[in-house]
There are 2 protein chains.
Amino acid sequence: MFRTETCGQLRLADTGKHVTLAGWVQRVRKMGGMTFVDLRDRYGITQIVFNNDTDAALCEAANHLGREFVIQVTGTVAERTSKNANLPTGDIEIIAETLTILNRSEVPPFTIEEDTDGGDDLRMKFRYLDLRRPNVRRNLELRHRMTIAVRDYLDKQGFLEIETPMLVGSTPEGARDFVVPSRMNPGQFYALPQSPQTLKQLLMVSGMDRYFQIVKCFRDEDLRADRQPEFTQIDCEMSFVNQEDVISLFEGMAKHLFKELRGVELTEPFPRMPWDEAMRLYGSDKPDTRFGMTFVELMDILKGHGFGVFNSAAYIGGICVPGAATYTRKQLDQLTDYVRRPQIGAKGMVYARVEADGTVKSSVDKFYSQEVLQEMKKAMDANPGDLILILSGDDAMKTRKQLCELRLEMGRQLGLRDKNKFSCLWVVDFPMFEWSEEEGRLMAMHHPFTHPKDEDIPLLDTDPAAVRADAYDMVINGVEVGGGSIRIHDSALQAKMFEILGFTPEKAQEQFGFLMNAFKYGAPPHGGLAYGLDRWVSLFAGLDSIRDCIAFPKNNSGRDVMLDAPAPLDQKQLDELELALNPSEQAE
Amino acid sequence: MFRTETCGQLRLADTGKHVTLAGWVQRVRKMGGMTFVDLRDRYGITQIVFNNDTDAALCEAANHLGREFVIQVTGTVAERTSKNANLPTGDIEIIAETLTILNRSEVPPFTIEEDTDGGDDLRMKFRYLDLRRPNVRRNLELRHRMTIAVRDYLDKQGFLEIETPMLVGSTPEGARDFVVPSRMNPGQFYALPQSPQTLKQLLMVSGMDRYFQIVKCFRDEDLRADRQPEFTQIDCEMSFVNQEDVISLFEGMAKHLFKELRGVELTEPFPRMPWDEAMRLYGSDKPDTRFGMTFVELMDILKGHGFGVFNSAAYIGGICVPGAATYTRKQLDQLTDYVRRPQIGAKGMVYARVEADGTVKSSVDKFYSQEVLQEMKKAMDANPGDLILILSGDDAMKTRKQLCELRLEMGRQLGLRDKNKFSCLWVVDFPMFEWSEEEGRLMAMHHPFTHPKDEDIPLLDTDPAAVRADAYDMVINGVEVGGGSIRIHDSALQAKMFEILGFTPEKAQEQFGFLMNAFKYGAPPHGGLAYGLDRWVSLFAGLDSIRDCIAFPKNNSGRDVMLDAPAPLDQKQLDELELALNPSEQAE
């Protein structure tokens, strides 16, 4: 061992102790005949003192230390004269006796402190230095403690962690797979799993009863801020359960995590909201319920008064922003610009202020009498000082999603999206299918193995689009932290599902034959859930992106800029795999 | 919940309780007017009784149950008249009141019992049924408990579990990589990690101090019984440590696992054996030390006596097999055939029996006087009744490896390789390099980041082949269960190492530039170890192959026969990746 204690360990009670510490030089300060070195490791910072009067050569050596040098120091613990209350070790310092430079450092490309001067690209290229910053390190420590807490909870509930393979078969249904050419089987490919969905169902067929796995999953999608090509799932499945059992067990796990990792005791059951209510009130299947401003539909009140935009609309809805009547014209114009951005796509925004005397002033006053506006005020439950914001459009679902963005933006502007407040709920009763314009057919909203609600099974034959599923998502602060469903365990029902999804029996057999065959040998009723680990950690750490809770993340082009991966292969490797690049160019 | 209790839970104290159970039909027996059903789940087997006199219809339904049907039964717990001491639930049975068939089953292709009639191929194709067998299930339960114990130990020692990426860069040095084409970066590939070696070193540079990860690793090698293309490593790294620290901490972990999972308390320190001693005494760097029969070199005694084979040999060595002088000529011929098999490759075998009167009878008596043979007997420490087996050859290392195989075979034949006996040791002081005939250069025996022993560093310039490394393997019962080393943390030493390994500075920069750059910014002294999880589980479960402790293993062609993976891709997927198959054929 290069040390007897860490840099976070020594206290006043250790005064007089002879110790050896090792770590990184955070800072060197000269004051009079003394040189002070802040020595840092994962556990903290300890001040080392070199006295020019006692040992001039040693002090001189300390004066030549650079930032991020790795050093080893022996010395004696002494009480500080000027204590630092901000540091756990702030009552003591080490009077240095020897100094060994274990490794030198070039000047780092950015400062290794909580607030750094390094931009995103630089920090990612030198991620190993970025990870030295205590705030980044704390995210990884939280992630570690979270997986410990998850495993502890699930183990106590009788779950077995079982590893499923990473090299599986490709299933073109759903998102795009990453694939892996097989050298031993030329012309054939493995795929990396998008999730262990079918494998965990096979584990239920095999009688494992309660399975979980904290597991890497892969999706070859174009990336956004909160997406990574590889991400980590807390993947769970249980046998002989119904929806209530799964919800209750995993709500228990969520509460366990809140208590263990955030010290938050959640005693009430999480509210449950049917999917259609979430869409109606929030325009989202993952509503942020930390604040109100739920949607009020205004079709009955605002249609038929000469305002053409509303008259031709398929949906008119508004939110009441409490106390925001003070918004200036400029602020309102900025909001209009916000909803008009192509990512949101609204055509415009109508607003109305409730004055101190209760009258309503709107941007479309010429079309509406005060009587109608008062009716609207009442419907919106608006009070003097409130601001009413209204969107309309010819596609109700699209307009709701635009209004959702506006609501979230108002929540942000009013400081209602407090990262230290948590609002949890279950969204339930998802539709079984959604229509895909692109494919011209119904697609599974969750996946093809989701069980329809028993009472809706007859609708499969008559009105499949109306069928609801035994599917549920857990939503916290507007983030979908997990979701799951009861699965189909009956091969006839599964076959019908594939039929509705447009699979020929041959195609279904080709892609999911292994699962349908397994169902012939006594599949138990089962269901499960998958939590997104990256999202949970981000939520608890108060991060805006999952990237900062991942040790070595990829950028938006799917590159690891530190490793410089991906990269071209040697021709020898391509030859062994019997692959050629860029066939389109070669054909020319 | 489909049940109030599991099938392993009810005891005599529960008599009279009204319960609901669910599970699989293991067996149906009719006896007189009664039908007995053994109901099985992960937790056990409970006997259900249907009485024809009480409810003829219910009993009739039970009579029609098939093996592996999934059923739900309600009834009352009753004391059995004829108890089954072999079952934890054997004192009770359930007097059935209702029976619900949750799912039917076709007749399974093999019996779902510990001793099954299913061959390997069939069991792998229907692995989900194979996993229902209690002995296979227990392997996965052991694996689960082992990972819990590992994480518990390492967490308490201050290790952080940190996930490293699965999509990394390819490093042609070493074994073959599995690669993943990048759609977003056409013509470029990720590789799946053979181990997180360089990433965990970067985590040490980043100050994480103590890292571990239970992680999938990938090697595209031709497969043998104990190899899988994907396998799981317990990967660990520590900063500010020397070899002694790493060995001591991970010996502690091994002892923790033995105690927690096998109830074996190992109090003594594990012996340490230098690599050259292991090769000299056992002909192996992973000797099975459960039994003796160590090698005795016989060059001095047996050379120069007219026996040409020995006279021209570069190595002559023997083992003394206690009490095996009774081996018949036929058995000895079989042993000769054994060492002559191409996998072993010896030219022949010489043997000598020590008779009851102490005289030695050998297969080469005509060349040796009794005096010489007595000298040999003494060197071998052989006693009356012992058998001496001798191999020779013109390559000492090859001959030792052949003698190693012979020793292991004799250990097996004499029942000395008891799966319930454990003999642990550290093999230390590995050579830094080994000569590769194929490459015509020195190769790193562990990997290029291994630290040479301090006292051997001067030899790097004068006699690199003689340099020993701070590298260590843990060996149990002849299985290398883990290994590691102290790493180089000095970029100049690392550069020299690459030079000896034949890397140009450009090539070293291209492949490991990210690591060498990182070393410029204050890399701490560090080292670590990786344990093979699959091997540990196999060892503790007494398995001959790691395959049976993996839920869904691949066969020797790297195929998952259950999933039928790998498989050809859709042309659309190939086009998106800008790849073409089989360029050699296309070129024709």
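Predicted model only: the values in this text are computed from it and were never measured.

Student: Help me out: how do you make sense of the overall build of chain A in this one?
Tutor: Helix and strand counts for chain A come out as 18 helices and 23 strands. Projecting the C-alpha coordinates of chain A onto the three principal axes gives extents of approximately 90 × 75 × 60 Å. For chain A, the residues scored as buried account for 57% of the 588 residues in total. Total accessible area on chain A stands at roughly 23900 Å², and carbon and sulfur atoms take up 48% of it. Charge centroids of chain A, computed over 69 positive and 89 negative side chains, lie 4 Å from each other.

Student: Explain the interface of chain B and chain A to me, please; I cannot follow it from the model alone.
Tutor: One widely used convention gives an interface's size as the accessible area the parts lose upon coming together. In this assembly, 123 residues from chain B lie in contact with 123 residues from chain A. Ranking the residues of chain B by area buried against chain A places E163(B), F240(B) and Y521(B) at the top, with a combined share of 8%. Of the charged contacts, one joins D222(A) and R183(B) as a salt bridge, the two residues approaching to 3.2 Å between their closest N and O atoms. Put simply, chain B and chain A have 65 residue pairs in polar contact (both at pLDDT 80 or more) between them. Considering every element that reaches the side of chain B that touches chain A, the biggest residue donor is helix α4 (residues 134-156) of chain B, with eight residues. For the side of chain B that touches chain A, the per-class residue count stands at 67 nonpolar, 25 polar and 31 charged.

Student: Whenever I open this one, the sheet that holds strand β11 (residues 272-274) of chain A confuses me. Can you help?
Tutor: Pairing between sheet strands relies on hydrogen bonds along the backbone, with the strands arranged either parallel or antiparallel. Residue and element names in this part refer to chain A. Reading across from one edge, β6-β9-β10-β22-β21-β20-β17-β11 is the order of the eight strands in this open sheet, with mixed pairing throughout. Every interior strand has two partners, whereas the edge strands, β6 (160-161) and β11, have only one. Bridging between strand β20 (residues 471-476) and strand β21 (residues 479-486) involves six bridges; their strand directions are antiparallel. Residue pairing in the sheet places D473 in a bridge with G483 of β21. The sheet strands contacting helix α7 (residues 275-282) are β11 and β17 (424-428), and the helix crosses β11 at an angle near 85°. Lying on the sheet, helix α16 (residues 533-541) is in contact with β9 (210-218), β10 (230-239), β20, β21 and β22 (526-532); it crosses β22 at an angle near 50°.

Student: Help me understand the sheet that holds strand β3 (residues 44-51) of chain A in this model?
Tutor: Residues and elements named next belong to chain A. Ordered in space as β1-β2-β3-β5-β4, the five strands form a closed barrel in which the pairing is mixed. Averaged over all adjacent pairs, the angle separating strand axes in this sheet is 55°, with direction ignored. One ladder, built from ten bridges, connects strand β4 (residues 70-79) with strand β5 (residues 92-103); its direction is antiparallel. Opposite V73, over in β5, you have L99 as the bridge partner. Those strands touched by helix α1 (residues 56-63) are β1 (18-31), β2 (34-41), β3 and β5, and its axis lies near 65° from that of β5.

Student: I keep staring at the relation of the copies chain B and chain A and nothing clicks. Help me out?
Tutor: The operation relating the pair of chain copies consists of a rotation about an axis and a translation along that axis. For the pair chain B and chain A, the superposition axis carries a translation of 0.0 Å, the fit reaches an RMSD of 0.1 Å, and the rotation angle comes to 180°. Seen this way, the second copy is the image of the first under a two-fold rotation axis. Of the residues that chain B buries at the interface, 100% are likewise interface residues in chain A, meaning the two copies contact each other through the same surface.

Student: Sorry if this is basic, but what is going on with the pattern of salt bridges here?
Tutor: Between side chains of opposite charge, pairing is possible as soon as their charged atoms come close. Residues and elements named next belong to chain A. Throughout the structure, instances matching the rule amount to 96 salt bridges over all chains. Among the ionic pairs, E68 bridges to R40, the shortest N-O distance being 2.9 Å. On the criterion of sequence distance, the pair formed by E68 in the loop between α1 and β4 and R40 in strand β2 is long-range, its members being 28 residues apart. Owing to a relative accessible area of 2%, E68 belongs among the buried residues under this scheme.

Student: For this particular structure, what's the right way to read helix α15 (residues 505-518) of chain B?
Tutor: Look at α15(B): only 16 Å from first C-alpha to last across 14 residues, short of the 20 Å you get at 1.5 Å a residue. In α15(B), a bend of some 90° at F512(B) exceeds every other bend along the element. Restricting attention to buried positions, one finds in α15(B) the residues A508(B), Q511(B), F512(B), G513(B), F514(B), L515(B), M516(B) and A518(B). Elements in contact with the buried residues of α15(B): α3 (127-130) of chain A together with α5 (197-205) and α14 (491-500) of chain B.

Student: Mind showing me how you'd approach the environment of N477(A) here?
Tutor: Residue and element names in this part refer to chain A. In this fold, N477 is placed in the loop between β20 and β21. Linking N477 and P287, residues 190 residues apart in sequence, is a C-alpha distance of 7.3 Å. From its side chain, N477 meets the backbone nitrogen of S423 in a polar contact 2.8 Å long.

Student: Is there a simple way to think about the packing of aromatic side chains in this case?
Tutor: In this description, an aromatic ring pair is defined by two values, namely the gap between the centres and the angle between the planes. All names here are of chain A. Counting across every chain of the model gives 42 aromatic pairs over all chains. A centroid spacing of 5.2 Å and a plane angle of 10° characterise the contact between F498 and F512, whose relative ring orientation is stacked. One end of the pair, F498, is in helix α14 (residues 491-500); the other, F512, is in helix α15 (residues 505-518), and 14 residues separate them in sequence. Neither residue differs from the other here; F498 and F512 are each classed as buried.

Student: Could you clarify how one ought to interpret helix α1 (residues 56-63) of chain B in this entry?
Tutor: Each full turn of the α-helix corresponds to 3.6 residues, which orients residues three or four apart in the same direction. Residue and element names in this part refer to chain B. Those residues of α1 that sit buried are L58, C59 and A62. Taken down its axis, α1 places every buried residue within 95° of arc, on the same side. Buried positions along α1 lie against β1 (18-31), β2 (34-41), β3 (44-51) and β5 (92-103).

Student: Hey, could you run me through the pairing of β21(A) in this one?
Tutor: For a regular strand, side-chain orientation follows a simple rule: the groups alternate between the two sheet faces. All names here are of chain A. Of all eight residues in β21, six are buried, a share of seventy percent or more. Following β20, the chain reverses through two residues before pairing antiparallel with β21; N477 in that reversal takes a positive phi of roughly 55°. Sheet topology places β21 next to β22; five bridges connect them, and they run antiparallel. From the neighbouring strand, G483 faces β22, where its bridge partner is A530.

Student: Help me out: how do you make sense of the packing of helix α10 (residues 329-340) of chain A against helix α12 (residues 396-413) of chain A in this one?
Tutor: A pair of packed helices can be characterised by two numbers: the angle between their axes and the separation between those axes. Residues and elements named next belong to chain A. At a minimum axis separation of 10 Å, α10 and α12 run at an interaxial angle of 135°. By the angle class used here, α10 and α12 are oblique. Between α10 and α12 lies a crossing of right-handed hand. Along its contact with α10, which presents L335, Y338 and V339, the element α12 presents E405, L406, E409, M410 and Q413. Counted by class, the contact of α10 with α12 contains five nonpolar, one polar and two charged residues.

Student: Which parts of the structure should I look at to understand the side chain of Q573(B)?
Tutor: Topologically, Q573(B) is positioned in helix α17 (residues 571-577). According to the relative accessible area criterion, Q573(B) is buried, its value standing at 12%. Polar contacts involving the side chain of Q573(B) include one to the side chain of S170(A), which spans 3.0 Å.

Student: What am I meant to see in the packing of α14(A) against α15(A) here?
Tutor: All names here are of chain A. Contact geometry of α14 with α15 gives a least axis separation of 12 Å together with a crossing angle of 160°. Judged by the angle between their axes, α14 and α15 are roughly antiparallel. The way α14 lies across α15 gives a crossing that is right-handed. The residues of α15 that touch α14, namely those facing S491, Q494 and F498, are A508, F512 and M516. Residues of the contact of α14 with α15, tallied by class, amount to four nonpolar, two polar and no charged.

Criteria and cut-off values
Residues numbered from 1 in each chain as written. Chains lettered and ligands numbered in written order. Predicted model: local features only at pLDDT ≥ 70, side-chain atom pairs only at ≥ 80, totals over all residues. Heavy atoms only, no water. Helix = DSSP H or I, 4+ residues; strand = E, 2+ residues; numbered from the N terminus. Buried < 20%, exposed > 50% of the residue type's maximum accessible area, 1.4 Å probe, protein only. Areas by Shrake-Rupley, 256 points an atom, 1.4 Å probe, with all protein chains shown as cover. Lys, Arg positive; Asp, Glu negative; His and termini not counted. Charge placed at Lys NZ, Arg CZ, Asp CG, Glu CD. Contact = heavy atoms within 4.5 Å. Buried area = accessible area lost by both parts, 1.4 Å probe. Salt bridge = Lys/Arg side-chain N within 4 Å of Asp/Glu carboxyl O. Polar contact = N/O pair within 3.5 Å; in protein donor to acceptor, adjacent residues only side chain to side chain. Nonpolar A, V, L, I, M, F, W, Y, C, P; charged D, E, K, R; others polar. Pairing = 2+ DSSP bridges. Axes fitted to C-alpha atoms, helices over the stretch in contact; angles between N-to-C directions. Least-squares fit on C-alpha atoms with pLDDT ≥ 70 in both. Expected span 1.5 Å × (residues − 1). Bend = angle between axes of the 7 residues up to and from the residue. Phe/Tyr/Trp six-rings, centres within 6.5 Å; stacked < 30°, edge-to-face > 60°. Arc of directions from axis to C-beta. Parallel < 35°, antiparallel > 145°, perpendicular 65-115°, else oblique. Left-handed = near helix turned anticlockwise from the far one by under 90°.

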